[in-house]
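# Close look at the chain arrangement
This is what each chain is made of:
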Amino acid sequence: MTYQGGNDEYAREKVLKTLFFYVIISNMENYKSYYKKEYNNNKSFDLANTLSLLLTGDEVNPLSDNYTELVNLAKRVDRAVIYCPLSLAEWILVNNAGVYNKLCELSHVQVKAVALPKKYENISLLNMFAARALSRREVKNRITVDTVFDCLQKAQKKNLVVTSVPKLEKQLSNKYVDVIKVPNGMEAVNKAVSAIKSGDYHLIIVVDRDYEDCIGLTRPYSKSGLVALEKVMQKYELINDAVDVYYKCDCLVGMCPDKGCSVRLFHSATSAIGIADSNVEYFFTIKTH
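What you see is a predicted model, and the numbers here were worked out from it, not measured in a lab. (Residues numbered from 1 in each chain as written. Predicted model: local features only at pLDDT ≥ 70, side-chain atom pairs only at ≥ 80, totals over all residues. Heavy atoms only, no water.)

## Observations concerning the overall build of the chain
- When helices and strands are counted, the chain shows 13 helices and 8 strands.
- A burial count over the chain gives 54% of its 289 residues as buried.
- Across the chain, contacts joining residues at least 24 apart in sequence account for 72% of those joining residues at least 6 apart.
- As presented, the chain carries roughly 13,800 Å² of accessible surface, and 51% of it is formed by carbon and sulfur atoms. (Helix = DSSP H or I, 4+ residues; strand = E, 2+ residues; numbered from the N terminus. Buried < 20%, exposed > 50% of the residue type's maximum accessible area, 1.4 Å probe, protein only. Contact = heavy atoms within 4.5 Å. Areas by Shrake-Rupley, 256 points an atom, 1.4 Å probe, with all protein chains shown as cover.)

Written as structure tokens, this is what we have:
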């Protein structure tokens, strides 16, 4: 094979690149069939108002909404633990019956929501605690808007974030929340269980990037991706068990992914399936004593 004067090496490189992009496009079409066309009415940033209302009776942002069904059912709780596995799209859960059915059995309320499908500096995750859509400028170094942590601090309630995600500690450094950095998701859960046992905190957020790291390398339906999904469920069950054992009060436990996974999968903010992948599903369990 030759190309412009017999450059065989250049020609081979061109062919390989063409084949590579053909495979990528083919994979995108296969994954695209799993996405729902309709959009959910709830927004992921409504979680902040919901948690604040349940724990204090006040709103972070009165102009935003809340998960009305959950607020009406739970009324008020003394403590809350929220598990955030990163990049776990709704379509992944729905198409894995074993994990999805376990979550449904465990949950009193399920909320379908639209997340910010952003890649920049944890903006999708921080968006969940600020009660309105965040801009890149508001998150560039430190989050500059009011959050559920600020609202709880006014009510003299303590907050904790346990995370395996880089930069999150810096981005929350001006907020009323303690941040514990850990190397991986399992260690995050272990630290959270210790915090639950101590009873020192009213709101605990557990941020786990293990699943995101795995699918970024192997894709959701690889053997490793499915194993990582099962581990997400196991970690959530551990958190629920710890709450059952150590909390003797009314509390809320939730599993709330930050966003879908198209940006992570295809490494592009302009991926053809990026918008639909902003659909996420939240699962909440209300425990009363």
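There's more to say after this.
## Observations regarding the sheet that holds strand 7 (residues 251-255)
- With mixed pairing, the 8 strands of this open sheet are ordered in space as 1-3-8-7-2-6-4-5. Edge strands, defined here as strands with exactly one partner in the open sheet, are strand 1 (42-43) and strand 5 (178-181).
- As judged from the 4 bridges shared by strand 4 (residues 159-163) and strand 5, these two strands associate in the parallel manner. Considered in strand 5, the bridge of V161 is made with V179. (Pairing = 2+ DSSP bridges.)

## Observations concerning the packing of helix 5 (residues 97-106) against helix 12 (residues 223-246)
- As a packed pair, helix 5 and helix 12 sit with axes 10 Å apart at the nearest point and diverge in direction by 20°. Judged on the interaxial angle alone, helix 12 and helix 5 are roughly parallel. The interaxial crossing formed by helix 5 with helix 12 has left-handed handedness. Facing V99, K102, L103 and L106 of helix 5, the residues of helix 12 in contact are L229, E230, M233, Y236, E237 and N240. (Axes fitted to C-alpha atoms, helices over the stretch in contact; angles between N-to-C directions. Parallel < 35°, antiparallel > 145°, perpendicular 65-115°, else oblique. Left-handed = near helix turned anticlockwise from the far one by under 90°.)

## Quick notes on the environment of C84
- Within the secondary structure, C84 sits in strand 2 (residues 79-85).
- Overall, the relative accessible area of 0% leaves C84 in the buried class.
- Residues C84 and R209, spaced 125 residues apart in sequence, show a C-alpha to C-alpha distance of 8.5 Å.
- Setting aside residues no more than four positions away along its own chain, C84 makes contact with L125, M128, F129, I205, V206, V207, D208 and C256.

## Some points on the environment of D78
- Looking at where D78 falls in the secondary structure, it is placed in the loop between helix 3 (68-74) and strand 2.
- For D78, a relative accessible area of 39% gives the class partly exposed.
- The spacing of D78 and H202 is 124 residues in sequence and 6.8 Å in space, taken between C-alpha atoms.
- In contact with D78, not counting residues within four places along its chain, are L55, H202, C249 and D250.

## Digging into the environment of S173
- Within the fold, S173 resides in the loop between helix 9 (168-171) and strand 5.
- Each C-alpha atom, one on S173 and one on I143, is 8.5 Å from the other, the two residues being 30 residues apart in sequence.
- At 2.8 Å, the side chain of S173 forms a polar contact with the backbone oxygen of K170. (Polar contact = N/O pair within 3.5 Å; in protein donor to acceptor, adjacent residues only side chain to side chain.)

## Focus on the confidence of the model for the chain
- Residues of the chain with pLDDT of at least 70 account for 81%, and the chain-wide mean is 85.
- Below a pLDDT of 50 lies the segment residues 19-32, which in the model reaches 11 contacts outside its immediate sequence neighbourhood of four places, other chains included.
- Overall, residues 269-273 carries pLDDT values under 50, and its contacts beyond four positions in sequence, including any with other chains, amount to 9 contacts. (pLDDT = per-residue confidence, 0-100.)

## Let's talk about the pairing of strand 3 (residues 109-114)
- Alignment of strand 1 against strand 3, held across 2 bridges, turns out to be parallel. Paired with K43 across the two strands is V114, which belongs to strand 3.
- Of the pairings in the sheet, the one linking strand 3 to strand 8 (residues 279-287) comprises 6 bridges and is antiparallel in character. What sits directly across from V111, in strand 8, is Y282.

## Side note on the pattern of salt bridges
- Per the counting criterion, the structure on display carries 11 salt bridges.
- The closest approach of N and O atoms between E138 and R132, which form a salt bridge, is 2.5 Å.
- Residue E138 is classed as buried on the basis of its relative accessible area of 15%.
- Owing to a relative accessible area of 31%, R132 belongs among the partly exposed residues under this scheme.
- Linking D208 and K235 is a salt bridge whose minimum nitrogen-to-oxygen distance equals 2.9 Å. Separated by 27 residues along the polypeptide, D208 in strand 6 (residues 203-208) and K235 in helix 12 bring together distant segments of the chain. (Salt bridge = Lys/Arg side-chain N within 4 Å of Asp/Glu carboxyl O.)

## Some details on unusual backbone geometry
- The backbone phi angle of A131 is positive, close to 65°, even though this residue is not glycine.
- Along the chain, the position of A131 falls in the loop between helix 6 (123-127) and helix 7 (136-139).
- In this structure A131 comes out as buried when scored by relative accessible area, which is 0%.
- Of note, the phi angle at K167 is positive, near 75°, even though the residue is not glycine.
- For K167, the location among the structural elements is in the loop between strand 4 and helix 9.

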